[in-house]
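Read off the chains here:
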Amino acid sequence: MRNASLLVVVFVLFVLSSFTPFIWCQDIGDDYNESDNPEVVPLFTQLIYNRISNLTSILSPEIVKHLDFCIKDLDADWNGAFNFSADLGFLANCVRKTNACPLGAHCPLAKFNKTTAACDPYNYQLPPGKPNHTCGGADIWADVLSSNEVFCSAGSYCPTTTQKIPCSSGHYCRMGSTTEKRCFKLTTCESNTANQNIHAYGIMLIAALSTLLLIIYNCSDQVLTTRERRQAKSREAAARSARETAQARERWKAAKDTAKKHAIGLQTQLSRTFSRKKSVRKPEQMKVLGQGKPGSGDALLPPMPSNSSPSPSSAAKKKEPSDLTKMMRQLEEDPDSNEGFHMEIGDKNIKKNMPKGRQMHTRSQIFKYAYGQIEKEKAQQQQNKNLTFSGVISMATETEIRTRPIIEVAFKDLTLTLKGKNKHLLRCVTGKIMPGRVSAVMGPSGAGKTTFLSALAGKVSGCAMSGLILINGKIESIHSYKKIIGFVPQDDIVHGNLTVEENLWFSARCRLSADLPKADKVLVVERVIESLGLQAVRDSLVGTVEKRGISGGQRKRVNVGLEMVMEPSLLILDEPTSGLDSSSSLLLLRALRREALEGVNICMVVHQPSYALYKMFDDLILLAKGGLTVYHGPVKKVEEYFTSLGITVPDRVNPPDHYIDILEGIVKPSSSASVNYKQLPIRWMLYNGYQIPPEMQQNAAGIDIKGTNESNLDAVDSDGQSFAGGLWQDVKCNVEIKRDNIQHNFLIASNLSKRKTPGVFKQYKYFLGRVGKQRLREARIQAVDYLILLLAGACLGTLAKVSDETFGALGYTYTVIAVSLLCKIASLRSFSLDKLHYWRESASGMSSLAYFLSKDTIDHFNTLIKPVVYLSMFYFFNNPRSSFTDNYIILVCLVYCVTGIAYALAIFLEPGSAQLWSVLLPVVLTLIATQHDGKIVKGVATLCFTKYALEAFVIANAERYSGVWLVTRCASLMSSEYDLHDWSLCIFVLITYGIVFRIIAFFCMVTFQKK
């Protein structure tokens, strides 16, 4: 810095002396004895000013060439140092040989010290041999570290270079000030104050932020709870109204049936009584008995005598039908009508002209429509229990049954082999799963049950697959139907910080058809909640590991409901009954059977089902170890098949448990059995005439298998392979598996499901609402993040002061490290905790872009608020010369940048590694950015985001220093290799880094998914 300041001084002196050799500020003899003449001084001053003004155009290119990095506006900075254009006092003083110091300096004439023979306080010596020579002004203008005696001291201001005035009360004067500045209101500024105490503003800002955080902390859940309570009241009122409507309709139907029976009996009795009398009045009598439609209000009236005719007086007294009679007639004409039975809670007013489901807008109308439909379905199910043959025919011809697109999956010789190891996971599996049927996949551990389901769903990677999978009899990709395929994973991947209803409703909105009315979507969700028995916990949070929510069985049912609400045509479930009690399992399977009635193809893995549960399945797929089929067919015929092999189920033993025990080798078949458990797959192939693999044909003749595992018959003998060869084979296998994973993630298939789900922007809106709710429920964690930032700002604002010598470089260095580290760690939570949820949702066809953008959009709240939280302590404890706005803009861009880096780390790395890298990167990169030795280090530093953040802070602060600080500013920027014009560039680079790392994070998110 010393060398830099000397260079600047030399250049400035060159400017002043190149073309004006007569300008000196010390007395060097009597060469210019007219300098004290008042009449001559103005002429000399004007002449020098004209010469310097003429030199501006000549020297400007040189100044820009050498000092452009520290001079933003040449005229402004030059005038700021000497004020040529407004006041020629500097030149006049220079002509008078008194002093010639820049503005903000205090350099009176020196006094000769006879003891040291030096001119105090500047410590320069008089020329030897010239006794008449006197001390002049300051002899050097350099940086503050080299010539701090020239600078006007802090707590005082210097309107001229020879006048020094203490700062008055209510004002403050920084070092090098030419005027005193008034302190802000609510600040304390005593006399001789170097800086104003603005802690009060910091305290006010802290109080405002704390109040806001407390409101969010305490009321975020309350806002959502209040909203949910209002919705629950509306929903309960609609449900109660629907139940009352259904009950009234059932009572009316019962009364109508009774009236019909009474009218038919009375008609039969009258016909018997008057059968002998053949009169012309019989048709009139029959007309009286049969007037109106059967079951109408008029038919319930007693018949008139046959010999009586209506008198004129009685005809005059005839009244119009009552409202009740009209309502009965309407129900008579349309038994399924809702007219007259939509009653609000609290009154019995009849609401007519109820809008249909597709015309509903209010939540109350939608819920009434949904619950009305559910009650009708319940009544229909109750009627279907005891139907006569004519009732079945009537139901088949008059009842409209909703059907879904059909997906039939057939597979032939399906074989999966693990790459690199030639180990069979599935072997020669042939069969078919059909719409409208519930198929159960059972078998011992290691039989490949989950692998089989994953193969059907197209989720297998890293394996070589052979055989055929036909969709509706055609060779098509299963991914073409993923919008109508539901896959329930074995783990309960459900958002714990959302309620049961919120989880189901979000899945329905994103995965149901975009043109389906909202009322029908609500009906679908309500039907699933009702069928899964989740009404009692619909408004309860699912819960996480830290926060208790619903029970494990209810969570499992929610996991299944996420796929049911999208109305799939093919529903694949991996152990949905694991962890459920018998009643919950029965409830779940009943719900699935109702889905099968609409044509849904359901296939599920089941472990140890009860006998009642086992009998509810239509088909059974029984697999042995190694992925070999033992049985595939109707459940009703499984015992018949095994009995033909000599395997009978003992009394009081559940058939599937007995078969699995045999396949495990725990239970041996009876002595009458013709096979052992290892020959059962061969028996099934022979039974169906399937082709037996060559390596298994030796077992087809009934030869006992001697301890050979069929799943490993093709295993490669690796004993004779060298270590290097084995290592190369493993590396090659891993590369192929990773390649298959990436290809699987980027697989694009045509949409053959004919379902158009909401687009990216619509899903972005849905994701935005969901993430917003999650953030509100995580407000306490956010409050802790803000509190840590407050403490960091207070500590750094107190300990790391922004010094004038380095323009605050040290304090801002600590700021960059602290803010980057804290904000980066907090941003890891956005994606690292939801990886499993994203993998499930993206596999079902939801938009990855909408998911990513919604997370990033909500995190912008932290990007805008966290800088304010930090600066509320750091800025008001330090009070640097740069404005609050400049510091805020830089911190916003820095937080935006590190948030993007945190996204990439959270998605690409495991949580532990991501946290470690988040701590190390800010510290290491900041240390590299502050090094200026060596080309390699400088090249690496240009890639560090911390360099640009620190440079922006220093530049914003340095350009506030002018006048006497000009040399110090140029020297400091030169030593740091900063450029005063690069503030906008630094901001642009930080934003660019944030965008680039977000693109990298999104690419990693869609590429490196679960294996």
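Reading guide: rules and limits
- Residues numbered from 1 in each chain as written.
- Predicted model: local features only at pLDDT ≥ 70, side-chain atom pairs only at ≥ 80, totals over all residues.
- Heavy atoms only, no water.
- Pairing = 2+ DSSP bridges.
- Helix = DSSP H or I, 4+ residues; strand = E, 2+ residues; numbered from the N terminus.
- Disulfide = S-S within 2.5 Å.
- Buried < 20%, exposed > 50% of the residue type's maximum accessible area, 1.4 Å probe, protein only.
- Right-handed = clockwise from strand over helix to strand, strands pointing away.
- Patch = residues over 30% accessible without salt bridge, like charges linked within 9 Å, V, L, I, M, F, W, Y side chains within 5 Å.
- Areas by Shrake-Rupley, 256 points an atom, 1.4 Å probe, with all protein chains shown as cover.
- Salt bridge = Lys/Arg side-chain N within 4 Å of Asp/Glu carboxyl O.
- Core = buried A, V, L, I, M, F, W, Y, C linked by side-chain atoms within 4.5 Å.
- Contact = heavy atoms within 4.5 Å.
- pLDDT = per-residue confidence, 0-100.
- Phe/Tyr/Trp six-rings, centres within 6.5 Å; stacked < 30°, edge-to-face > 60°.
- Lys NZ or Arg CZ within 6 Å of the ring centre and 35° of its normal.
- Expected span 1.5 Å × (residues − 1).
- Axes fitted to C-alpha atoms, helices over the stretch in contact; angles between N-to-C directions.
- Parallel < 35°, antiparallel > 145°, perpendicular 65-115°, else oblique.
- Left-handed = near helix turned anticlockwise from the far one by under 90°.
- Nonpolar A, V, L, I, M, F, W, Y, C, P; charged D, E, K, R; others polar.
- Polar contact = N/O pair within 3.5 Å; in protein donor to acceptor, adjacent residues only side chain to side chain.

Draft legend 1. A look at the sheet that holds strand β2 (residues 118-120). Strand order in the open sheet formed by three strands is β1-β2-β3, and the pairing between neighbours is antiparallel. At either end of the open sheet lies a strand with only one pairing partner, and these are β1 (111-113) and β3 (124-125). In terms of strand pairing, β1 meets β2 through three bridges, oriented antiparallel. Each residue of the ladder has a partner; that of K111, found in β2, is D120.

Draft legend 2. Expanded view of the state of the cysteines. All told, the structure shown has two disulfides when counted by the stated rule. Across a sulfur-sulfur distance of 2.2 Å, C152 and C158 are joined as a disulfide pair. Between C152 and C158 the sulfur-sulfur dihedral comes to about 85°; the bridge is accordingly right-handed. Overall, the relative accessible area of 0% leaves C152 in the buried class. Looking at C158, the relative accessible area reads 1%, which means it is buried. With no disulfide of its own, C893 lies 9.3 Å from the sulfur of C897, the closest cysteine sulfur.

Draft legend 3. Representation of the pairing of strand β14 (residues 601-605) within the structure. Taken across its five residues, β14 has five buried, putting it largely inside the fold. Residues N601, C603 and V605 point to one face of β14 and I602 and M604 to the other, with burial holding for every one of them. Looking at chain direction, strand β10 (residues 438-442) and β14 are connected through four bridges and run parallel. Pairing of V438 across the sheet is with I602, part of β14. Inspection of the sheet shows strand β13 (residues 570-574) paired to β14 by five bridges, in the parallel sense. Paired with L573 across the strands is M604, a residue of β14. For the handedness criterion, the β-α-β arrangement of β13, helix α15 (residues 582-597) and β14 is classed as right-handed.

Draft legend 4. Spotlight on a nonpolar patch on the surface. Where nonpolar side chains cluster on the molecular surface, the patch consists of L916, L920, V923, V924 and L927 and spans about 420 Å² of accessible area. Within the secondary structure, L927 sits in helix α28 (residues 911-929). In this structure L927 comes out as exposed when scored by relative accessible area, which is 52%.

Draft legend 5. Focus on the nonpolar core. With 94 residues, the main nonpolar core has F831, Y870, L894, F945, L973 and M1005 as its most contacted residues. Once you skip the residues sitting within four places of it in the chain, L894 turns out to touch V816, V819, S820, F945, A949 and L990. Ranked by size, the runner-up nonpolar core spans 57 residues in total, among them L613, L620, V630 and F642.

Draft legend 6. The confidence of the model for the protein chain, seen in detail. For the protein chain, per-residue confidence averages 75 on the pLDDT scale, and residues scoring 70 or more make up 66% of the total. In the predicted structure, residues 278-319 sits below a pLDDT of 50 and forms 29 contacts with residues beyond four places in sequence or in another chain. Contacts from residues 335-358, a stretch scored under 50 in pLDDT, to residues over four places away or in other chains number 47 contacts.

Draft legend 7. Up close: the packing of aromatic side chains. Taken as a whole, this structure holds 23 aromatic pairs when the rule is applied. Judged by centre distance (6.4 Å) and plane angle (45°), the rings of Y631 and F642 are tilted. Placement of the pair is Y631 in strand β16 (residues 628-634) and F642 in helix α17 (residues 638-644), with a sequence separation of 11 residues. Take Y631: its relative accessible area is 3%, and that puts it in the buried class. Given the relative accessible area of 2%, F642 is considered buried. Ring centres 5.4 Å apart and planes at 90° place the aromatic pair Y875 and F884 in the edge-to-face group. A relative accessible area of 25% means that F884 is categorised as partly exposed. An aromatic cluster is built from F506, F767, F831, Y838, Y851, F852, Y903 and F1002, whose rings are joined through pairwise contacts. Seen from the ring of F487, K459 lies directly overhead, with NZ or CZ sitting 5.1 Å from the centre. Between the NZ or CZ atom of K947 and the centre of the ring of Y948, over which it lies, the distance is 4.8 Å.

Draft legend 8. Quick peek at the side chain of D886. Structurally, D886 can be placed in helix α27 (residues 884-908). Note on D886: relative accessible area 14%, which makes it buried.

Draft legend 9. Broad picture of helix α11 (residues 449-457). Within α11, seven of the nine residues are buried, which leaves the element mostly enclosed by the surrounding structure. For α11, the set of buried residues is K449, F452, L453, S454, A455, L456 and A457.

Draft legend 10. Geometry of helix α30 (residues 945-958). For α30, which comprises 14 residues, the first-to-last C-alpha distance of 20 Å matches the rise-based estimate of 20 Å (1.5 Å per residue) to within 8%. Most of α30 is tucked away, with 14 of its 14 residues classed as buried.

Draft legend 11. Just unusual backbone geometry, in detail. Non-glycine residue C428 carries a positive phi angle of around 50°. Within the element layout of this structure, C428 appears in strand β9 (residues 423-433). One non-glycine residue, E977, lies in the positive phi region at around 60°.

Draft legend 12. Just the packing of helix α21 (residues 760-777) against helix α26 (residues 848-878), in detail. Direction vectors running N to C along α21 and α26 enclose 45°, while the axes themselves pass 8 Å from each other. In terms of their interaxial angle, α21 and α26 are classed as oblique. For the pair α21 and α26, the crossing hand works out as right-handed. Only L849, A850, Y851, L853, S854, K855, T857, I858 and D859 of α26 make contact with α21, whose side of the interface consists of V760, Q763, Y764, F767, L768, R770, V771, G772 and R775.

Draft legend 13. Spatial organisation of the environment of V524. Summarising the element assignment, V524 is placed in helix α13 (residues 518-531). With a relative accessible area of 6%, V524 lands in the buried category. Setting aside anything within four residues of it in sequence, one finds V524 in contact with L512, V565 and E567.

Draft legend 14. Main features of the packing of α27 against α28. Contact geometry for α27 and α28: axes closest at 9 Å, N-to-C directions at 150°. Judged by the angle between their axes, α27 and α28 are roughly antiparallel. Where α27 crosses over α28, the handedness of that crossing is right-handed. Together, I901, L905 and A906 of α27 and A914, W917, S918 and L921 of α28 make up the contact between the two elements. When grouped by side-chain class, the residues that make up the contact of α27 with α28 number six nonpolar, one polar and no charged.

Draft legend 15. Representation of the side chain of E502 within the structure. Structurally, the position occupied by E502 is in helix α12 (residues 500-511). There is a polar contact of 3.0 Å between the side chain of E502 and the side chain of R777.

Draft legend 16. Region of interest: the pattern of salt bridges. On inspection of all chains with the given rule, the structure shows 20 salt bridges. The salt bridge involving R829 is made with D785; its shortest N-O contact spans 2.4 Å. Here the residue R829 occupies a position in helix α24 (residues 829-832), and D785 occupies one in helix α22 (residues 779-799), the gap between them amounting to 44 residues. Residue D785 is classed as buried on the basis of its relative accessible area of 12%. Close ionic contact of D886 with R960 constitutes a salt bridge, the shortest N to O distance being 3.2 Å. Separated by 74 residues along the polypeptide, D886 in helix α27 and R960 in the loop between α30 and α31 (966-976) bring together distant segments of the chain.

Draft legend 17. Geometry of the pairing of β13. Burial analysis of β13 places five of its five residues in the buried class, the great majority of the element. The alternating pattern of β13 places L570, I572 and D574 on one face and L571 and L573 on the opposite face, and all of these are buried. In terms of strand pairing, strand β12 (residues 485-488) meets β13 through four bridges, oriented parallel. Bridging across to β13, I485 finds its partner in L570.

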